[in-house]
Amino acid sequence: MKIIEKNKINSTNKYTLALFGAIIGFVVFILIYGVNALNPLNEQFVVHGYIEKDIAQHYAGWKLYRNSPWQFPLGVGSNIEFPYGSSVSYTDSIPLFAILFKIISPILPSTFQYFGLFVLLCFMLQGVFGALIVSIFSENKIFCCISSIFFVLSPIMIDRAFRHCALSAHFLILSSIYYYFKNTRNNNKSYIPFYVINALAITIHPYFLPFTFAIMFAFALEDFFIYKNKLKSVIHIFTSIAITLFTGYIIGAFYNNGGISALGYGYFSMNLNSYFNPASVSFDNWSRFLNIRPVTGGQLEGFNYLGISIIIMAFIGAIVTLIKNRKDILNFIKNYFGIIFSTICLVIFAVGNILTYGGLQLFKFPISENIIIRYFNIFRANGRFGWLFFYLIFIFAIYCVYKYTNKDTLSVLIISILAILQIFDISGVLIDKHNYFYDKVASHSQNVELVAKHPFWEETVQKVDGVVEMESEQGYMFGNGLIDIASMCGKHNKYINSTFAARTNVIKRKDFIYYQKSLLSNNQYDNLLYVVEETKLFDNLIKNGTCQSFEVDGQIVVIPSIYSEDEINNFTKFGNFKQIIVE
């Protein structure tokens, strides 16, 4: 099975093909999401959250970072997790875009969201590299363009769009795959594209690094063993690691000294049914043909539904290949053992140490809890690591259509019919997303209500220097409401101590809270909005009228005495608000 026999399409035609792929990505984005999401002044769907609160977290991180003074590393903002600061890498605010737009921030409007632009770019580049990958084995430009639709409508990419915006950058995986296959059989092998892709990946989201490096490693592994370029391949791997680490250092990807692990490995694993299970976190059923399958724990995070056409094409293609081209399979394993090895490793990590099919636990491999906490939890949402195999199945399915239909006209007809079938299969989700973003009635609730919605919050944040959440015995309070408050702080150039980021320095956070408690023990306080579990530390200040305490949206807060009785009565009219009197 020789995927690469020669360069099927010359360089000039590849640029044209890339352009058409980008246009297809642009058109699909507009058809689903419209132009409102591209309006940088439209922050409503971002502030509230889409499907869940994650995009609101990313936007809050950008706003706090934008209004923080410049410092080094460049991606660190002191207003995030004040006073020590944190990196926008940990708020998933797409550091590359955050830094670029912070540079021109003085000429930008006060309200500015770049997430719509970023997701559009992901759709367009998905189309570009989808078309280019197919051009490796097909010289039919129409076939390549139609095939790119499958990549642009990738369920796992669309599932992340506007939910985890940074994780929409699946073009990083596709571009790595493209340069792997493009260069594998060439005599003049170039590692430069992998340098660029790996460095770019860390400026967007570190979860893409295992994919881009796994593909580069596959390329180097084959270069090492097949072409005997042993020293060259090793040097390139370590050079790329060094460049990527340096890039990460510049943007603050390693700024957090509290550790880079978090809990979740295994819970967010991939079920063995994920490639034909149309259930995800964001939608109950992505398919008009297949029923949802049971999963355990948080395995919906390992959503990898291929779509009905890809499933059909891959299944038939595998059978035909086994019957007609068994030798090709052996040749493929021999020539591309690097990508096979890398893919297997990622799938094993995605499945985790507990093998599950549906709701059934098949096997559990014992792993030390210490190893899981210290190493595996760095990438705790391990179900995502099935993405490389997902896209290789895409490529195999499309390759089989082209290989086993001898006439170009027939291959175009078949891929067109299958593309229509694929679109119809996932059309329920696409229509719902379209209706939501076009302000029509959607059957699936995609909007997330604000938790901190009382007008007290917005008005008070403007009057204080910042917000401090005093840690309780149970840990952090407020939940998603913290993201709402963080967004308000970013809007009004205030700081917040509490973490709403993916990783946090717990020790430094506790040090700052200890400092605040030491002040309060001496009846001193800062001009802050304190979110507390109880008013005990403030009782003397409340009694003598120095501070005021309220219960707002279910949270107890203490502030300096800035509101009159009439203003307090006015707040009461909105509900979910009452003053706390200390006798």
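Preceding block: the structure.
Heads up: these notes are all about the structure in this document. Just so it is clear, the structure is predicted and the values come from calculations on it, not from any experiment. (Residues numbered from 1 in each chain as written. Predicted model: local features only at pLDDT ≥ 70, side-chain atom pairs only at ≥ 80, totals over all residues. Heavy atoms only, no water.)

A word on the pairing of strand S7 (residues 528–532)
Within S7, five of the five residues are buried, which leaves the element mostly enclosed by the surrounding structure. Here strand S5 (residues 466–469) runs beside S7; their pairing, made up of four bridges, is parallel. Residue pairing for S7: Glu469 is matched across the bridge by Val531. Sheet analysis places S7 next to strand S9 (residues 555–560), joined by three bridges and oriented antiparallel. Bridge pairing in S9 links Val532 to Ile556. (Buried < 20%, exposed > 50% of the residue type's maximum accessible area, 1.4 Å probe, protein only. Helix = DSSP H or I, 4+ residues; strand = E, 2+ residues; numbered from the N terminus. Pairing = 2+ DSSP bridges.)

A closer look at the pairing of S9
A large share of S9 lies buried, amounting to five of its six residues. Bridge count between strand S8 (residues 547–552) and S9: six bridges; the pairing is antiparallel. By the bridge assignment, Gln548 is partnered in S9 with Ile559. Counting the residues that bridge the hairpin from S8 to S9 gives two residues, and of these Asp553 lies at a positive phi of roughly 50 degrees.

Quick look at a negative patch on the surface
A cluster of acidic side chains, namely Glu459, Glu565, Asp566 and Glu567, defines a negative patch on the protein surface. Inspection of the secondary structure puts Asp566 in helix H23 (residues 565–572). (Patch = residues over 30% accessible without salt bridge, like charges linked within 9 Å, V, L, I, M, F, W, Y side chains within 5 Å. Areas by Shrake-Rupley, 256 points an atom, 1.4 Å probe, with all protein chains shown as cover. Salt bridge = Lys/Arg side-chain N within 4 Å of Asp/Glu carboxyl O. Lys, Arg positive; Asp, Glu negative; His and termini not counted. Charge placed at Lys NZ, Arg CZ, Asp CG, Glu CD.)

A look at the sheet that holds strand S10 (residues 577–579)
The mixed open sheet is built from six strands, whose spatial order is S6-S5-S7-S9-S8-S10. Of all the strands in the sheet, just strand S6 (495–496) and S10 have a single pairing partner and so form its edges. Direction of pairing for S8 relative to S10: antiparallel, over a ladder of three bridges. Note on S10: the bridge partner recorded for Phe550 is Gln579. Against the sheet, helix H19 (residues 455–463) contacts S5, S7, S8, S9 and S10, and its axis sits at roughly 30 degrees relative to S9. Seen against the sheet, H23 touches S8 and S10 and runs at an angle of roughly 150 degrees to S10. (Contact = heavy atoms within 4.5 Å. Axes fitted to C-alpha atoms, helices over the stretch in contact; angles between N-to-C directions.)

Focus on the packing of aromatic side chains
The geometry of two aromatic rings is summed up by the distance between their centres and the angle between their planes. Evaluation of the coordinates by the stated rule reveals 64 aromatic pairs. Taking the centre distance of 5.6 Å and the plane angle of 75 degrees together, the rings of Phe29 and Phe123 count as edge-to-face. Here Phe123 lies in helix H5 (residues 115–135) and Phe29 lies in helix H1 (residues 11–33), a separation of 94 residues in the sequence. Across the pair, Phe123 and Phe29 agree in class, each one buried. Geometrically, the ring pair formed by Phe456 and Phe571 is edge-to-face, given 5.5 Å between the ring centres and 80 degrees between the ring planes. (Phe/Tyr/Trp six-rings, centres within 6.5 Å; stacked < 30°, edge-to-face > 60°.)

So, the packing of helix H14 (residues 337–351) against helix H16 (residues 387–403)
When two helices pack together, their arrangement is given by the angle between the helix axes and the distance between those axes. It is at 8 Å that the axes of H14 and H16 come closest, and there the two elements cross at 130 degrees. Of the possible angle classes, the one that applies to H14 and H16 is oblique. Of the residues in H16, those touching H14 at Ile339, Thr343, Leu346 and Val347 are Leu388, Phe389 and Leu392. A breakdown of the residues in the contact of H14 with H16 according to their chemical character gives six nonpolar, one polar and no charged. (Parallel < 35°, antiparallel > 145°, perpendicular 65-115°, else oblique. Nonpolar A, V, L, I, M, F, W, Y, C, P; charged D, E, K, R; others polar.)

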